Amino acid sequence: MKDAFRQSMAWVHTWAGILAGTVLYFMFLTGTAGYFDTEIGYWMRPEVPPRAAEVPTAQAVALGLRRLEAQAPNAERWILYPPSGRDVPELTVFWRTLPDADGNVTSRSEVLDRVTGAPLAARATGGGETLYQMHYLLRYLPSRTAYWIVGLCTMLMLVAIVTGVITHKRIFRDFFTFRPGKGQRSWLDAHNVLSVLALPFHLMITYSGLVFFCFTYMPLIVSAAYGAGEANRQAFFDEVFRRPGSAERAGVAAPLASLADMTAEAERRWGSGQIRSIDVRHPGDANARVTFTRAHVTPTSNGDRLTFDGVSGRLLEESLAPPSGPMLVNDTLLSLHEGLFAGPVLRWLYFLSGLAGTAMVGTGLVLWTAKRRKQRGAHPGLALVERLNVGTVAGLPAAVAAYFWANRLLPTDLAARAAWEVHVLFIVWAALLAWAALRPLRRAWIEELTLAAALCALLPVLNALTTDRHLGASLPAGDWALAGFDLAMLGFGATLGAVAYRLARRTHAPEGAAAAQSDGEARGTPSAEPA
Amino acid sequence: MSALALTLAYAGFTAVCLAMERHHRQLLGRPPARRTATSLRATGFVLLGLALAACLLTYDGSVGVILWLGLLTAAGLALVFLLPYAPRLAAGLAVGGPVAAALAAWAAG
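Because the structure is predicted, anything quoted here is derived from the model rather than measured.

Cut-offs applied
Residues numbered from 1 in each chain as written. Chains lettered and ligands numbered in written order. Predicted model: local features only at pLDDT ≥ 70, side-chain atom pairs only at ≥ 80, totals over all residues. Helix = DSSP H or I, 4+ residues; strand = E, 2+ residues; numbered from the N terminus. Rg over C-alpha atoms; globule rule 2.2 N^0.38 Å. Buried ≥ 20, exposed ≤ 12 C-beta atoms within 10 Å, placed from the backbone. Contact = placed C-beta atoms within 7 Å. Core = buried A, V, L, I, M, F, W, Y, C linked by C-beta atoms within 7 Å. Pairing = 2+ DSSP bridges. Axes fitted to C-alpha atoms, helices over the stretch in contact; angles between N-to-C directions. Domains from an automatic or database assignment. pLDDT = per-residue confidence, 0-100.

*Asks:* Kindly report on the overall build of chain B, identifying the contributing residues and their values.
*Replies:* Looking only at helices and strands, one finds 5 helices and 0 strands in chain B. In sequence order, the secondary structure elements of chain B are arranged as α-α-α-α-α. Computed over C-alpha atoms, the radius of gyration of chain B comes to 14 Å, within 12% of the 13 Å expected from 2.2 N^0.38 for 109 residues, which places it in the range of a compact globule. C-alpha extents for chain B along the principal axes are approximately 45 × 25 × 20 Å. A total of 109 residues make up chain B; the buried ones form 45% of that total. Partitioning the intrachain contacts of chain B with sequence separation of at least 6 by distance along the chain shows that 72% fall at a separation of at least 24.

This is the structure in C-alpha cells:
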C-alpha cells in the first residue's frame, strides 16, 4: 500500500517535471541572474562612471526634482529614487504624463548624475532588469499569456517538490550522499542533494511565485465577493492595495510644497539613506500627494510609508505595517521571493540557492532520459526530449552568455539596440536547439557545453578588449560589483568546461566497458540499504 | 560573523555526517561505535544551533533565520561535493574553519 502510493507519486513527480522542465530551467536561470540585476546592469553600461562620492539625499532629491519639472511639467505622476546603496545605486527619476489631446500617455525613466543632475549617457541595453523580467514575462508573448504559462509551470514545480519529497525514501540517510563517476546513480545523487539541501529555498520561491499572480490565477475569488467584470475587479484592487491618504486629481492648480522639508522629516524618522522612493501623485494639482517608502531592511519592512499632503506639506498618514494579517503574509512572501532586503552575504546565498534550483531542474531533465533509455530503448518521444535537453541545459547558458556578448559587440548606434540584445539570446538558443537536433547526441552535449564554457570564460577577455572596465582595472580599484561579474563568468566557464571535459574523456573510453562497469556498480553497491 | 556562522554550520553538518555509518567508513574505514555516533550527532546539532545563534547576534530575527537557512544550504552543498573528491580536506575544514573564522572575528575586534 505504502509502496504503491510512493510509486504513483514518483509517476506524478516524473511527469510534472518533464512537462514543465524546459520552461522551469529558463525561469530558474534568468530569475537567479535577477538577484544580481543591478550589478549586471552596471557591467552592461560601461559608460556609467564608477560610483562617485556619496551625496546627501536632500541634494539628490533637489536635482531629481529640477529634472522632473523641466521634462514633465504636466505629469500625472513623478517618482524619485535617491541613490540608496546596492538596490538604487544612482539617482533615478520616473514620470508618467497626463493624457495628451489624443489620449496618449508617455512613461519614461532616466538615470541622472548625482552631482550634476544631467542624464547619464550610456549605451541602450536591457541590462540585468530585462534578464530578470524574462523569468516571469518570458518574451514575445502578451503578459497575460506569459503569466498563465509561468503559473502552470510553477504549479507543476510545486507538485514536483511535494511528490519528490514523498518519493525520496532515503531523504535523511542519503542527506550527504554523492557518488561521482557512476553514471545514472551519480545524476540521481546530485539531483537529490541539490533538491534536499536547498529545499527551504525551492519551496519558498515556488510558492511565493504563485502568490505574485494569485489574482490572475484565481479570479473567481475576487468575483465571488465583488462580482464579475473588469470594473468590479478594479474596485477590489482599489480597496485592497490603495494606500490611505490617496486622492483624485482636483483639476485646480496649486504649487507643490517643499520636497526638501518632507525629505528632512522622513530622514528624521527613519535615519539618513533610508528613503527608497518618493512618489508624487498629481504634481502641481491642489490634491497632490507625496508618498515616501522606506528601503527594504527586513522581509516585513516594506510596509513603511509616509504620505504627505503635496500642497500644505502636512503629514497625512504614517503606515508602519501592512494593514491586515493576510496582507502581511502576502507582502512577506513577495519580499522573501525578491530578496530586496538582502545584504551582500545573503544575496550570494540567494544566488547560490537559485543555481542549485537551476541545476536541480537540469539534472532532473537528464535523469528522465537516462532512465527511459535504459528501460525502453530509443523511441521518437525520448529522442525529442534528449535533443531538447541538450539545447536547453547546455544551450541556454550559452545563449545568456551571448546576450552579454551582444551588449559589447552590437554597434552603439543600432536602432532598437536593447531589443536586439535579447533577439541575440533567442537566436543563439534556437540555433543551439537546431544544432542539438542535427548532431549525434553525445557530440552535441560536448560541443554545446564547450561553447557555453568558452562564451563565459572569454567574456572577461572581450570586456578587456572593448572597454577599460576590465579585471585589470576593477580589481585594483576594489570595484567588486564589476569584478564580481567577470570573476563569476570565469567560474561558470571553468565549471561548464570541466563537465564538458569529463564527458569527452568518458566518450573516448570503450563504450562497452563503460556500460558494463556502470551497470555492475548500480546493481552491486553495498550502500543499497533496505528501504 | 557570517563567516563564523558558515564554518559552524559546515562543522555541524560534518559531525552529523560522520555519525552515519557510510560516511564514517568513507573517512575512517570503519563504522562508528554506537556511543561515538550518538555524541557526533549531538555535537553536530549543537554546532548547527551555534551557527543560528551567530546569525541572530548580528542580524534582526527574521533576516538572521533566513541567513541561517541559506548558510545551511551553502555549507551542506560544500560538504557533499567535497567529500568524495577530498575527504581529508572536507573533514579538516570542519575543524580549521571555525577556528580560523573565530580568530579572524577576534582580530577584527
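*Asks:* Could you give me a rundown of the overall build of chain A, with the residues and numbers involved?
*Replies:* The number of helices and strands found in chain A is 20 helices and 7 strands. Here chain A has a C-alpha radius of gyration of 26 Å; the compact-globule value for 531 residues is 24 Å, and the two agree. Once the C-alpha set of chain A is aligned to its principal axes, its extents read approximately 85 × 60 × 45 Å. Here chain A holds 531 residues, and 36% of them are scored as buried. Relative to all contacts within chain A whose residues are 6 or more apart in sequence, the contacts with residues 24 or more apart total 69%.

*Asks:* Please set out the interface of chain A and chain B residue by residue, giving values where relevant.
*Replies:* Listed by partner, the interface residues are 21 residues for chain A and 21 residues for chain B. Mapped by element, the contributors of at least two residues to the side of chain A that touches chain B are helix 6 (184-197), helix 7 (199-212) and helix 13 (344-376) of chain A. In terms of residues, the side of chain A that touches chain B owes the most to one element, helix 13 of chain A, which gives 7 residues.

*Asks:* So what's going on with the nonpolar core? Residues and values would help.
*Replies:* If you look at the biggest cluster of nonpolar residues, it comprises 119 residues, and the most contacted ones within it are Ala398(A), Ala399(A), Ala452(A), Ala5(B), Ala9(B), Ala51(B) and Leu71(B). In this view, Ala452(A) contacts Ala394(A), Pro397(A), Ala398(A), Ala401(A) and Leu496(A); residues no more than four positions away in its chain are not counted.

*Asks:* I'd like a description of the sheet that holds strand 6 (residues 305-309) of chain A, backed by residues and values.
*Replies:* All names here are of chain A. Strand order in the open sheet formed by 7 strands is 3-2-1-4-5-6-7, with antiparallel pairing between adjacent strands. In this open sheet, the two edge strands, each paired with only one partner strand, are strand 3 (107-112) and strand 7 (315-319). On average, each strand axis in the sheet is inclined to that of its neighbour by 15°, with strand direction left out of account. Pairing of strand 6 with strand 7, which is carried by 4 bridges, proceeds in the antiparallel orientation.

*Asks:* Requested: an account of helix 2 (residues 37-44) of chain A, with residues and values cited.
*Replies:* Summarising burial for helix 2 of chain A: 7 of the 8 residues are buried, a large majority. Every buried residue of helix 2 of chain A is listed here: Thr38(A), Glu39(A), Ile40(A), Gly41(A), Tyr42(A), Trp43(A) and Met44(A).

*Asks:* Account for the domain arrangement of chain A, naming residues and giving values.
*Replies:* Parsing chain A into structural domains produces domain 1 (2-46 + 130-211 + 343-524) and domain 2 (57-121 + 245-322). The C-alpha-based centres of domain 1 of chain A and domain 2 of chain A are spaced at 39 Å.

*Asks:* Which residues make up unusual backbone geometry, and what values go with them?
*Replies:* Residue and element names in this part refer to chain A. Phi is positive for Leu138, close to 50°, though the residue is something other than glycine. Relative to the helices and strands, Leu138 resides in the loop between helix 4 (127-137) and helix 5 (143-167). With 18 C-beta atoms packed within 10 Å, Leu138 lands in the partly exposed category. The phi dihedral of Ala416 falls on the positive side, at around 50°, and the residue is not glycine.

*Asks:* Go over the environment of Val150(A) with me, naming the residues and quoting the values.
*Replies:* All names here are of chain A. When you line up the elements, Val150 lands in helix 5. The buried category is assigned to Val150, around which 25 C-beta atoms lie within 10 Å. When the C-alpha positions of Val150 and Leu137 are compared, they lie 7.9 Å apart, and in sequence the two are 13 residues distant. Beyond its immediate sequence surroundings of up to four residues, Val150 is in contact with Met27, Tyr136 and Leu138.

*Asks:* Would you mind going over the confidence of the model for chain B in detail, with residue names and values included?
*Replies:* Overall, the prediction assigns chain B a mean pLDDT of 94, with 100% of residues at 70 or greater. In the predicted assembly, ipTM is 0.96 and pTM is 0.92.

*Asks:* I'd love a proper account of the environment of Phe292(A), names of residues and values included.
*Replies:* Residues and elements named next belong to chain A. Note that Phe292 resides in strand 5 (residues 289-294). Taking the number of C-beta atoms within 10 Å as the measure of exposure, Phe292 has 26 and is therefore buried. A C-alpha to C-alpha distance of 18 Å links Phe292 and Arg96, two positions 196 residues apart in sequence. Once residues lying within four places of it in the same chain are set aside, the contact partners of Phe292 are Met262, Ala266, Ile275, Ile278, Arg305 and Leu306.

*Asks:* Talk me through the pairing of strand 6 of chain A; I want residue IDs and the actual numbers.
*Replies:* Regular strands have side chains that alternate between both faces of the sheet. Residue and element names in this part refer to chain A. Burial analysis of strand 6 places 4 of its 5 residues in the buried class, which makes it a mostly covered element. Judged from the 5 bridges that link them, strand 5 and strand 6 form a sheet pairing that is antiparallel. When the bridges of strand 6 are listed, Thr293 appears paired with Arg305. Between the end of strand 6 and the start of strand 7, which pair antiparallel, lie 5 residues, with Gly313 showing a positive phi angle near 80°.

*Asks:* Describe the environment of Arg34(B), and please don't skip the residues or the numbers.
*Replies:* Residues and elements named next belong to chain B. Structurally, the position occupied by Arg34 is in helix 3 (residues 34-58). Of the residues examined, Arg34 has 8 C-beta atoms within 10 Å and is grouped as exposed. Separated by 13 residues in the primary sequence, Arg34 and Glu21 place their C-alpha atoms 9.9 Å from one another.

*Asks:* Before we move on, can you summarise the pairing of strand 2 (residues 91-97) of chain A with the specific residues and values?
*Replies:* All names here are of chain A. Here strand 1 (residues 75-81) runs beside strand 2; their pairing, made up of 6 bridges, is antiparallel. Its bridge partner being in strand 2, Arg77 is matched across the sheet by Arg96. Both strand 2 and strand 3 contribute to a ladder of 6 bridges, which runs antiparallel. Bridge pairing links Arg96 to Ser107 in strand 3.

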